[in-house]
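Structural overview
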Amino acid sequence: MAAQVAARLQVLHLAGHTVHIKARFPDFTTVTRAYTATEGIGSADAIAAWLPELLDRAVPKSTSVRLLGITMSGLVNVLAASRVAHQMNLLDGILIQG
């Protein structure tokens, strides 16, 4: 599932800051857990790295799961984010005459 989410993000040139999991149990009780990173997450490996911890927090041991899902939020455009912003020097382009 992490690979599918990552593939969709890459096609759209997006990365997310928050990985969410949703687990629904046989009695239709639904639990969600999330992890928010400071930097964008877009690769399958980066998404999958947080899944064991999130699953441990969401699903008790030896419990059946009816539905399991992974989503990303806090999406950012990777192309726009890759453009390096920098502050211009006030004197850039000005000839100082003396």
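Because the structure is predicted, anything quoted here is derived from the model rather than measured. (Residues numbered from 1 in each chain as written. Predicted model: local features only at pLDDT ≥ 70, side-chain atom pairs only at ≥ 80, totals over all residues. Heavy atoms only, no water.)

**Topic: the overall build of the protein**
Counted only if it meets this: Numbered from the N terminus, helices here are DSSP runs of H or I no shorter than four residues, and strands are runs of E no shorter than two. Using a 1.4 Å probe on the protein chains alone, a residue whose accessible area is under 20% of its type maximum counts as buried, one over 50% counts as exposed, and one in between counts as partly exposed. Only heavy atoms matter for contacts: two residues are in contact if any of them lie within 4.5 Å across the pair. Reported accessibility uses the Shrake-Rupley method at a 1.4 Å probe radius. Residues are deemed covered only where the shown protein chains occlude them.
Helix and strand counts for the protein stand at 3 helices and 4 strands. Order of helices (α) and strands (β) in the protein, N terminus to C terminus: α-β-β-α-β-β-α. Taking all 98 residues of the protein together, 22% fall into the buried category. Considering only intrachain contacts with a sequence separation of at least 6, the fraction spanning at least 24 residues in the protein is 71%. When the accessible surface of the protein is totalled, it reaches about 7200 Å², and 58% of it is carbon and sulfur.

**Remarks on helix 1 (residues 2-11)**
Test applied: Taken from the helix axis, the directions to the C-beta atoms give the arc we talk about.
Those residues of helix 1 that fall on the buried side of the exposure criterion are A2, V5, A6 and L9. Seen from one end, helix 1 has its buried residues packed into an arc of 95°, which puts them on one side. What points out from helix 1, more than 90 degrees from its buried face, is the exposed set Q4, R8 and V11. The inward-facing, buried residues of helix 1 contact strand 1 (14-24), strand 2 (30-41), helix 2 (44-58) and strand 3 (67-73). Just beyond helix 1, the residue with positive phi is H13, at close to 60°.

**Things to note about helix 2**
As a reminder, the rule being used: Given the number of residues in a helix, its expected span is that number minus one, multiplied by 1.5 Å.
Between its first and last C-alpha, helix 2 extends 20 Å over 15 residues, near the 21 Å set by a 1.5 Å rise per residue. Residues of helix 2 that are buried: I47, L51, L54 and A58. Contacts made by the buried residues of helix 2 are with helix 1, strand 1, strand 2 and strand 3.

**Considerations on the pattern of salt bridges**
What counts here: Think of a salt bridge as a Lys or Arg side-chain nitrogen and an Asp or Glu carboxyl oxygen that are within 4 Å of each other.
Per the stated rule, a full pass over the model turns up 2 salt bridges. For the salt bridge of E53 with R57, the shortest nitrogen-to-oxygen distance reads 3.7 Å. Placement of the pair is E53 and R57 together in helix 2, with a separation of 4 residues, close to one helical turn.

**Digging into the layout of surface pockets**
Any empty space left between atoms is shown by rolling a water-sized probe over those atoms. Condition: Grid spacing is 1 Å over the protein atoms alone, the probe is 1.4 Å, and a cavity is where that probe fits but cannot get out, while a pocket is an open set with protein on both sides within 12 Å along at least five of seven lines and lining residues have an atom within 4 Å of a point. Grid points are joined across faces, edges and corners, and a volume is the space filled by probe spheres set on the points. When residues are grouped by polarity, Ala, Val, Leu, Ile, Met, Phe, Trp, Tyr, Cys and Pro land in nonpolar, Asp, Glu, Lys and Arg in charged, and all others, Gly among them, in polar.
For the largest pocket, the calculated volume is near 250 Å³. Taken together, M1, Q4, V5, R8, L9, L12, L14, I70, T71, M72 and L75 make up the lining of the largest pocket. Element by element, the count of residues in the lining of the largest pocket is highest for helix 1, at 4 residues. Partitioned by chemical class, the residues of the lining of the largest pocket number 8 nonpolar, 2 polar and 1 charged.

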